Amino acid sequence: MQGEMEDKCGIVGIHCNDESRNVASFVYYCLYALQHRGQESAGIATFNPNKGLNYYCGMGLITDVFKDYEIQNLKGNMAIGHVRYSTTGQSRLENSQPFVTDFDDGFIAMAHNGDIVNSDVLRKELIKDGYEFKSDTDSEVICYMLKKEHHDNNKNIIDSIESVSKRLVGSYALTILVNGDLYAVRDPMGIKPLALAKREDKFILASETVAFDVINAKYIRDIEPGEIVYFEGDEVKSYMLESAGTCKISHCMFEYVYFARPDSNIDGINVYESRVNIGRQLHELYPIDADVVIPVPDSSIPAAIGYSRASGIPYGEGLIKNRYVGRTFIMPTQEERELAVRLKLNPIKDAIKGKKIILIDDSIVRGTTSKKLLDLVKEAEPAEIHFLVGCPPVISPCFYGVAMATKKELIAANYSIEEIKNQLEIDTLGYITLEALVEAIGMPKEDLCLGCINEEYPTEIPDGLEAETYYKP
């Protein structure tokens, strides 16, 4: 459910062996395609052999942060970029990425998608060693750990990443710029997506393949869990972490349900087809007699199409989304808060009034947004409301980079489905089952992270997220 669960982050990296090239504009367009993954801040870092590292970050959407002037000043043939929604760390400029710090006689810049479960413990160790933190993100923790391994133990970057990876518990997809060298890393469980493409003389790394499409780059492959990718001249080089193959593969289920754009492919699975399949599975579970199938835009549109195709019930738009609404500020009164909800979605009354509607949404988390949504729909006076959900009940928080809720805030962790239905005051409430979701995605259950719906997490989760923990083999 949009508004109850926030997006992760999007990362980009571009390598070009021609030192005369400038690639910042390509990073910009890739980040534009990944804007759905984070709207709090954006940043780009580039490397030019003559001018060294240049970077610029700002708060807001990519179009707010970067104008022609900023892009033109980011000269370089190597670059990384980031769009952010905060998971670990507050929403402030200091937490924007790429994170940059000195490294040998130059600089290191890093863009991170994910969340490190044991970052507090690692941060405290680094502070004892004299490191001063500018932000409260776990991305800065990783950066300083790499710096420490390199300086204290005289290790090269690959060996430093290997050593640091053994201490990290959680999820991470990284693009790292060390002076004129670009590296990409994916955690051994593969929780966060990362893929590789090529356009002419440029290699591109990005969180989703849609970033490649927008610059007309040709997809090559997904980065393997536990893989480090780097470049020597015009060749792609690969190094597998020692932990690769020893950890449970745990691709994030929510990429297919909600996070990724439907025109992306994640780890060989087409997101659009997965969501259409979710709709088909919902029809198998809930073959309801109705007049129209309506999605909650935008992420539930393919699922509604899938239900409509399977059932023969017409697909219809009943809710219009205002796509120009960003983040709404905190309203002081209840009346103003209700107005903020209406800014984002508005029902088409003539499409709903007097009809038996099947309303399809991607998920219910806290339940507060669903209640407001359904209140809007009820104002249009439908004859019946059958609310179907493309994700099983969310009963536990995510610890790997999804800003969701605490367990006491999760409605399905505290009430039965029948109780939730009664609270929402609707005719039907139907969740997809875990088995049906896995079949819809088309990936083996054992290769998915499903911790938020079955509490079977791929790593140990310490009480209060304070204790040191390690990957389960």
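Because the structure is predicted, anything quoted here is derived from the model rather than measured.

1. Description of the overall build of the chain
When you go through the chain residue by residue, the secondary structure sums to 17 helices and 23 strands. The burial tally for the chain puts 58% of its 473 residues in the buried class. Partitioning the contacts of the chain with sequence separation of at least 6, the portion at a separation of at least 24 is 69%. Accessible surface, the chain: about 19300 Å² in total, of which carbon and sulfur atoms supply 48%.

2. Notes on the pattern of salt bridges
Going through the model one piece at a time under the given rule, you end up with 25 salt bridges. For glutamate 40, the salt bridge goes to arginine 84, with nearest N and O atoms at 3.5 Å. On the criterion of sequence distance, the pair formed by glutamate 40 in the loop between α1 (24–33) and β2 (41–48) and arginine 84 in strand β4 (residues 78–84) is long-range, its members being 44 residues apart. Across this residue pair, the class does not change: glutamate 40 and arginine 84 are buried. Connected through salt bridges with shared partners, the residues Asp18, Arg21, Arg199, Glu200, Asp201 and Lys202 form a single ionic network.

3. With respect to the sheet that holds strand β21 (residues 384–389)
With respect to topology, 4 strands assemble into an open sheet ordered β17-β20-β21-β22, the strand pairing being parallel. Because the sheet does not close on itself, it has two edges, and the strands there are β17 (292–295) and β22 (428–431). Recorded for the sheet is a direction-independent mean angle of 20° between the axes of neighbouring strands. Here β21 runs beside β22; their pairing, made up of 4 bridges, is parallel. In the strand pairing of β22, leucine 388 is matched with glycine 430. Here helix α15 (residues 417–424) sits on the sheet and contacts β21 and β22; the angle it forms with β22, its principal contact strand, is near 135°.

4. Focus on the pairing of strand β13 (residues 235–240)
Looking at chain direction, strand β12 (residues 227–232) and β13 are connected through 6 bridges and run antiparallel. Residue pairing for β13: isoleucine 228 is matched across the bridge by tyrosine 239. Between β12 and the antiparallel strand that follows it, β13, lie 2 residues; glycine 233 among them carries a positive phi value of about 65°.

5. Here's the deal with the sheet that holds β12
Within the open sheet, the 6 strands sit side by side as β5-β6-β7-β8-β12-β13. Their pairing is antiparallel. Edge positions in the open sheet fall to β5 (99–103) and β13, since each of these has one partner strand only. In this sheet, adjacent strand axes meet at a mean angle of 20° when their direction is disregarded. Where helix α5 (residues 138–153) meets the sheet, it contacts β5, β6 (106–116) and β7 (170–178), and its direction lies at approximately 130° from that of β6.

6. Observations regarding the packing of aromatic side chains
Enumeration according to the criterion identifies 13 aromatic pairs in this entry. For the pair tyrosine 131 and tyrosine 144, a centre-to-centre distance of 5.2 Å together with 35° between the ring planes defines the contact as tilted. In this pair, tyrosine 131 sits in the loop between α4 (119–128) and α5 while tyrosine 144 sits in helix α5, placing the two residues 13 residues apart along the sequence. Residues tyrosine 131 and tyrosine 144 agree in their burial class; the two are buried. Aromatic rings pair up to connect Tyr28, Tyr29, Tyr32, Tyr56 and Phe66 into one cluster. The side chain of arginine 123 reaches across the aromatic face of phenylalanine 133, ending 4.5 Å from its centre.

What counts, and where the lines are drawn
Residues numbered from 1 in each chain as written. Predicted model: local features only at pLDDT ≥ 70, side-chain atom pairs only at ≥ 80, totals over all residues. Heavy atoms only, no water. Helix = DSSP H or I, 4+ residues; strand = E, 2+ residues; numbered from the N terminus. Buried < 20%, exposed > 50% of the residue type's maximum accessible area, 1.4 Å probe, protein only. Contact = heavy atoms within 4.5 Å. Areas by Shrake-Rupley, 256 points an atom, 1.4 Å probe, with all protein chains shown as cover. Salt bridge = Lys/Arg side-chain N within 4 Å of Asp/Glu carboxyl O. Pairing = 2+ DSSP bridges. Axes fitted to C-alpha atoms, helices over the stretch in contact; angles between N-to-C directions. Phe/Tyr/Trp six-rings, centres within 6.5 Å; stacked < 30°, edge-to-face > 60°. Lys NZ or Arg CZ within 6 Å of the ring centre and 35° of its normal.

Bear in mind that shape data such as this cannot, by itself, settle questions of function.
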